[in-house]
Amino acid sequence: MSSLEASSSGSAALTAQRVEEPDEHPAFSDSESGNYPGLEGSSEDDASEEEEDEEEPALRYKRLGGNVQALFERDTASTLLASERFLVLGTHWGNVVIIDFEGNEVKKWRAHSTTVNSVSVDLDNEYVASAGDDGRVVVHGLYNDDISIINYSRPVKAVALDPYYNRRGSRRFVSGGTAGQLIMHEKKKWFGKSDSILFTSSGPIQTIRWQDNLIAWACDEGVQIYNTDCAARISQIARPEGSPRADLYNCRMHWRDERTLLIGWANFVQVVALRERVQPAPTSGISSSAAAAVGAGGSSASGPLLYAEVSVMFRTDFIVCGLALHRDSFLVFSYGDHQIVDTMVTDSEDQIPKESQQHRARDAQPPELRTINWNIEEVSSDVLPLEGFPLLQPNDYGLAYCAAPSAVKSPRADGEAESGQGAIEADTWFILSPKQLVAVRPRGLADHIQWLTERGDYRQALVDIESAFRGEGRWAMYRDQIKQSEYQEIGQEYARILMDDGDYAGTASLCARVLPRSNTPESVEAWESWVFAFAEANALQVIAPFIPTEDIQLSNTVYEMVLAFLLTSRIDEFRRLVLVWPPQLFNAYSVVLAVEDQLPKLEEAGEDQLSLKHILAVLYDRLNQPSKSLRYHLELFTPGILARVQRENLFDAVRDKAELVLQYDDHMLAIQHDTDSPLPLLQRCDAEGVLLLTDNTDAIPCASVVKQLVAVPEHLHVYLHALLTKDAHLGAPFADLQVELYAEYNPERLLNFLRLSAYYSFDKALEICEERNLVPEMVFILGRMGDNHRALMLIIDRLRDVPRAIEFAKEQNDPELWNDLVMYSRDKPEFIVGLLELGGTHTANPTVVIQNIPPELSIPGIRRALTNVLHDYHLQVELCTDCKHILDSDCEVLSDGLRQMQHQGIEVENDQLCLVCQLPLESGVPNESGCAMAFWCGHIFHDKCILLPEVQRKTQIDSLTTATSRNALSPSMELARRSQRLIYSPNDRRKRLTQAKLDRTMLIRQYGPVCPVCVEYDQKKIQQARSGWSPSERKDRDLSNSNSNDPDTPTANADGFERTELPPMQALQI
């Protein structure tokens, strides 16, 4: 590192001068020092300092090979330009050579007879221009035969093509040389080609750079900037004070962007910023101060739109041979040291003896590529011992910059583009010497990782690789340089280091990140080797969670080895892995055997034992052995396991697990009711397990369940009670056992069971009740056995319960038993009172009881008892009388309601239709009124539709008998004629209104028409009923209907409906 100020010992120094801080400049970060791998270099730091604090190089160097080396054997390079597709090299023999980025010659032509001083390329990389000492400028088309040669008769030192040369018809370029004139050559439409002098200098034009619409060139007066849009020179940047003559050292210029120009002249570096002018610029002279920037005027009255200012300027202790920007720093290609600068002559070379010049040339030091940060501090310096450097001068070197494109095409000799050859991956600088080309690139991720791994810093290497893979950090743009296999190798190497240090957790975590996940033999081998390494270190529990199970599958032996190790050391982790790992990874049967062998060795009902039972349940399920898995599920009280039995029809699997099922019920009931005390029998019988056993007796035989539950009588009692509730016949074989269980656990329910069941042994039941002194149950059993007298004596002697004795006598309904009770009670006042009060008039005869009372017996409460007996008789008489009155009153009310309903009228709407003819009841004809007949069913018809057909049918017989005497009509026919006149002759009807009413009433009473709608409905019901009769029933009903002899009387069918012959009624809708 160089200091900022010169010391007395003569160390190098950089003197910085900031003319004006720029308004905006890019944000920079620190850069790292570099070396020159592959070439012999020297360092300013001694070896001891490098060992203590060795910094990573920032750049990497590569000497271009290919056939360019053969070119250098015959010729020497004089100038170099880098485009985004290729390099353009000019030689001292006048050749222009196109080479790719690997040093391979692509195209070559002889453009000049002497040295080529400058080359230029348009933005489309279609045309190459060259300028030489022979005074010619040659523009050569790369993909066509277009060649333009302009001869200026004086050596041309610089040339620059219009960036849009290929796109514009003007085909402009600028050139300059020893004539001191900057000439713009362009093609005119009508007058051919013409040259325009843009600037005239007192000295030669050295360097020209054209960026967009700005042209910058260097001459004795300094650097000039010309704006082609306004055709005016916008600024001049004077040479720094104290700098050597302009013709001694070539000016180095580089457009960083459209608004920033880097200038390196001798031992000075300047940064020029172009800004928009906010007010008209003065057109006076240009200041010589480095901080000032003055416009040179233009054709516009308001002056140029841009002006230039020097934002940064600093002096170096070396000669600048090339200049560029790299990230946050200046990249300066330098020649010599402070001694060269101190001895520089600012007047003329003829003041120095020739011998002295040759001595300095022979003693020239190798050039250096220096990195100087934005604070004008030298960060690094790489010495480049290029070929022949002791005899080379600063003007013999050059630096060309090429930005990394997304795609690169190299031109071919036949005019076609060669796609993809010589592509570059990052920004590249090319260093030129007469006999050598060196490519300088920022060190990528691969270089960085190599540098770290060579020093054993694998941890940092992994961190940087992973950050780059995530698209983070400074190395993200180079992530494609590292292959996945390289990353895995570095990770495994670091894992070995951690393994040797005993950091097993870190090693396992690292293996999970770096080991391959592809299902290939190499990946499987890598994983298995590391698993066995952990096994040797007795640390399988550390690597177990990271072993792959999905993307890549190892051998079953590996997984089983891990499970066997965890079974004896970490049962919780063993349980987790068995549940998480896919079943096909290991042999479930082998794991089951190992677990069953380990299970008895653990503490009973301990956490580890429960975990192993859970594992066995899961594994047996995987092995499709539900009988064994259900055992462990029931022992673990797995929620929903009984529902699964129902859903999957696994009744055979629980046939021998009745005790476990009932234990499961007890556990679930205790959780639901949050109590440890015994629950009522009904709640236990409604539990899921008990219902499972009782509802599926076909698959789970009762005898099998009883046999299993004999050892647990309480559970057996619950099961048999639930069985009795469901079907008393199912528990018949176990009735005697059930009697004993009721007597033991629920004596209050024994009597009810004795009453419901008929399958138990009376003698055994009586014995059980006698052992437990269950008198009511003994009474019932004796009653069932027919020993009513003994049963009654038990009630009287043992219980002395008069109501029970009376109730027992009622149940048996045995007169002799009543006599026994009466005879037994005649000398017992409490029984006499009880019989009178409780027996009453319904059971024992009070007269008999009273007659059997001894005269001398004193009975307390006899008066009240007799009063009650008389009151009961009187109450019965009153009840019978009141009931009769209530029935009579109800009948009267119902009869009145029926009469009122029958006397009520029926509401008929005018627009209501007749159900036969479907015409309105009220005709629309004036002076014509129609009569309608309404039935109680609600159906209404015209008289002519319902009454007249009935009359015609009835009078058919009369018409036959009176056919011979035309003058005399029978009463029926006369009545029919009057009815027709009544219906069809409204005028006559109006004259005889009273007679019409009487006739109509007589017709209705005589012929009794019925509602055809209801009749048809009844016929349909009869037909439906007849379809269900047997042939014999149908025959009997038909015979009963044929017994009626009156043809005029409607016959009644078997169901009581009247059948009437009706005329056809097509319009009838039911």
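Residues numbered from 1 in each chain as written. Predicted model: local features only at pLDDT ≥ 70, side-chain atom pairs only at ≥ 80, totals over all residues. Heavy atoms only, no water.

## A closer look at the overall build of the protein
Move 1: Regarding its fold elements, the protein presents 39 helices and 35 strands.
Move 2: Counting all 1070 residues of the protein, 45% fall into the buried class.
Move 3: Of all intrachain contacts in the protein linking residues separated by at least 6 positions in sequence, the fraction that spans at least 24 positions is 57%.
Move 4: Surface summary for the protein: the accessible area is close to 54,700 Å², and the carbon and sulfur share equals 48%. (Helix = DSSP H or I, 4+ residues; strand = E, 2+ residues; numbered from the N terminus. Buried < 20%, exposed > 50% of the residue type's maximum accessible area, 1.4 Å probe, protein only. Contact = heavy atoms within 4.5 Å. Areas by Shrake-Rupley, 256 points an atom, 1.4 Å probe, with all protein chains shown as cover.)

## Quick word on the nonpolar core
Move 1: The biggest cluster of nonpolar side chains holds 63 residues, and the ones touching the most others in it are Leu 554, Val 562, Phe 574 and Phe 586.
Move 2: Element by element, the count of residues in this core is highest for helix H11 (residues 556-569), at seven residues.
Move 3: Not counting the four nearest positions on each side in its chain, Phe 586 is found in contact with Asn 556, Tyr 559, Glu 560, Leu 563, Val 578, Trp 581, Val 591, Leu 619 and Arg 622. (Core = buried A, V, L, I, M, F, W, Y, C linked by side-chain atoms within 4.5 Å.)

## Remarks on the pattern of salt bridges
Move 1: All chains considered together, the criterion is met by 34 salt bridges.
Move 2: Glu 56 is paired through a salt bridge with Arg 443; the nearest N and O atoms lie 4.0 Å apart. Separated by 387 residues along the polypeptide, Glu 56 in the loop between helix H1 (47-52) and strand E2 (59-63) and Arg 443 in the loop between strand E31 (436-442) and helix H5 (445-454) bring together distant segments of the chain. As far as burial versus exposure is concerned, Glu 56 and Arg 443 are alike and both buried. (Salt bridge = Lys/Arg side-chain N within 4 Å of Asp/Glu carboxyl O.)

## What to know about the environment of Leu 766
Move 1: Structurally, Leu 766 can be placed in helix H24 (residues 762-771).
Move 2: Linking Leu 766 and Val 739, residues 27 residues apart in sequence, is a C-alpha distance of 9.8 Å.
Move 3: If near-sequence neighbours (up to four positions away) are discounted, Leu 766 is found in contact with Met 778, Ile 781, Leu 782, Met 785 and Arg 790.

## Focus: the sheet that holds strand E23 (residues 319-326)
Move 1: Strand order in the open sheet made by the four strands is E23-E24-E25-E26, with antiparallel pairing throughout. This sheet does not close on itself; its edge strands, each paired only once, are E23 and strand E26 (378-383). Along the sheet, successive strands turn relative to each other by an average axial angle of 20°, direction set aside.
Move 2: Where E23 lies against strand E24 (residues 329-335), seven bridges are found, and the strand directions are antiparallel. (Pairing = 2+ DSSP bridges. Axes fitted to C-alpha atoms, helices over the stretch in contact; angles between N-to-C directions.)

## A short note on helix H15 (residues 626-635)
Move 1: Buried within H15 we find Ser 629, Leu 630, Tyr 632, His 633 and Leu 634.
Move 2: The inward-facing, buried residues of H15 contact helix H13 (588-598), helix H14 (607-622), helix H16 (641-648) and helix H17 (658-673).
Move 3: Looking at the residues trailing H15, positive phi occurs at Phe 637, about 55°.

## Quick word on a negative patch on the surface
Move 1: Residues Glu 603, Glu 604, Glu 607 and Asp 608 make up a contiguous surface patch of negative charge.
Move 2: Mapped onto the elements of the fold, Glu 604 is located in the loop between H13 and H14. (Patch = residues over 30% accessible without salt bridge, like charges linked within 9 Å, V, L, I, M, F, W, Y side chains within 5 Å. Lys, Arg positive; Asp, Glu negative; His and termini not counted. Charge placed at Lys NZ, Arg CZ, Asp CG, Glu CD.)

## A look at the packing of aromatic side chains
Move 1: This model, assessed by the stated rule, comprises 16 aromatic pairs.
Move 2: For the ring pair Phe 101 and Phe 430, a centre distance of 5.7 Å and an interplane angle of 20° mean the geometry is stacked. Remark: Phe 430 occurs in strand E30 (residues 428-433) and Phe 101 occurs in the loop between strand E5 (95-99) and strand E6 (105-110); sequence separation between them is 329 residues. Accessibility assignment for this pair places Phe 101 and Phe 430 in one class, buried.
Move 3: Relative to Trp 429, the ring of Tyr 401 has its centre 5.7 Å away and its plane inclined at 40°; by these criteria the two rings are tilted. You can see Tyr 401 sitting in strand E27 (residues 398-402) and its partner Trp 429 sitting in strand E30, a full 28 residues away along the chain. (Phe/Tyr/Trp six-rings, centres within 6.5 Å; stacked < 30°, edge-to-face > 60°.)

## Brief notes about the state of the cysteines
Move 1: Per the counting criterion, the structure on display carries zero disulfides.
Move 2: Among the cysteines around Cys 251, which has no disulfide bond, Cys 219 carries the closest sulfur, lying 9.5 Å off.
Move 3: A residue is classified by how much of its surface remains accessible, and Cys 251, at 2% relative accessible area, is buried. (Disulfide = S-S within 2.5 Å.)

## Some thoughts on a nonpolar patch on the surface
Move 1: On the surface, Ile 906, Val 908 and Trp 936 cluster together into a nonpolar patch covering about 310 Å² of accessible area.
Move 2: Accessibility expressed as a relative area gives 36% for Val 908, which makes it partly exposed.

## Some remarks on the sheet that holds E5
Move 1: Read across the sheet, four strands follow the order E3-E4-E5-E6 without closing on themselves; strand pairing throughout is antiparallel. Both edges of this open sheet fall to strand E3 (77-82) and E6, since each of them pairs with a single strand only. Direction aside, the axes of adjacent strands within the sheet are offset by 20° on average.
Move 2: Taken together, the five bridges between E3 and strand E4 (residues 87-91) define a ladder with antiparallel strand orientation. Of the residues in E4, the one forming a bridge with Ala 77 is Thr 91.

## Some points on the packing of H14 against H15
Move 1: One can describe the packing of H14 onto H15 by two numbers: an axis separation of 8 Å at closest approach and a directional angle of 150°. The pairing of H14 with H15 is recorded here as roughly antiparallel in orientation. Note that H14 runs across H15; the crossing there is left-handed. Residues Lys 613, Leu 616, Ala 617, Tyr 620 and Asp 621 of H14 pack against Lys 628, Ser 629, Tyr 632, His 633 and Glu 635 of H15.
Move 2: Taken together, the residues that form the contact of H14 with H15 break down as four nonpolar, two polar and four charged. (Parallel < 35°, antiparallel > 145°, perpendicular 65-115°, else oblique. Left-handed = near helix turned anticlockwise from the far one by under 90°. Nonpolar A, V, L, I, M, F, W, Y, C, P; charged D, E, K, R; others polar.)

## Quick look at the packing of H5 against helix H6 (residues 458-469)
How two helices pack is summed up by the angle between their axes together with the distance between the axes.
Move 1: With their axes 8 Å apart at the nearest point, H5 and H6 run at an angle of 160° to one another. With respect to their mutual orientation, H5 and H6 come out roughly antiparallel. Two packed elements cross with a definite hand, and for H5 against H6 that hand is left-handed. Two secondary-structure elements touch here, H5 through Leu 445, His 448, Ile 449, Leu 452 and Thr 453 and H6 through Tyr 458, Gln 460, Ala 461, Asp 464, Ile 465 and Ala 468.
Move 2: Classifying every residue of the contact of H5 with H6 gives seven nonpolar, three polar and one charged.

## A few points about the confidence of the model for the protein
Move 1: When pLDDT is averaged along the protein, the result is 78, and 77% of the positions lie at 70 or above.
Move 2: For the stretch residues 1-52, pLDDT sits under 50, and the model shows 112 contacts to residues farther than four places along the chain or on other chains. (pLDDT = per-residue confidence, 0-100.)

## Here we look at the pairing of strand E22 (residues 306-315)
Move 1: Taking burial as the measure, the 10 residues of E22 include eight buried ones, the bulk of the element.
Move 2: Taken together, the nine bridges between strand E21 (residues 268-276) and E22 define a ladder with antiparallel strand orientation. Residue pairing for E22: Glu 276 is matched across the bridge by Leu 306.

## Describing the side chain of Asp 100
Move 1: Summarising the element assignment, Asp 100 is placed in the loop between E5 and E6.
Move 2: An unpaired buried charge is present at Asp 100: no salt bridge exists, and Arg 441, the closest side chain of opposite charge, is 9.0 Å distant.
Move 3: Within the structure, the side chain of Asp 100 is placed 3.0 Å from the backbone nitrogen of Glu 102, a separation counted as a polar contact.
Move 4: Among the polar contacts made by the side chain of Asp 100, one reaches the main-chain amide nitrogen of Gly 103 at a distance of 3.0 Å. (Polar contact = N/O pair within 3.5 Å; in protein donor to acceptor, adjacent residues only side chain to side chain.)

## Some details on empty space enclosed by the protein
Move 1: Enumeration according to the criterion identifies two cavities of 30 Å³ or more in this entry.
Move 2: Here the second largest cavity is characterised by a volume of approximately 40 Å³.
Move 3: Surrounding the second largest cavity, Leu 720, Leu 724, Ala 728, Gly 731, Ala 732, Ala 735, Gln 738, Phe 753, Ser 757 and Tyr 759 form its lining.
Move 4: Of all the secondary structure elements, the ones that give two or more residues to the lining of the second largest cavity are helix H21 (713-726) and helix H22 (735-745).
Move 5: Its residues assigned to classes, the lining of the second largest cavity shows seven nonpolar, three polar and no charged. (1 Å grid on protein atoms, 1.4 Å probe; cavity = no way out; pocket = protein on both sides within 12 Å on 5 of 7 lines; lining within 4 Å. Points joined across faces, edges and corners; volume = space filled by probe spheres on them.)

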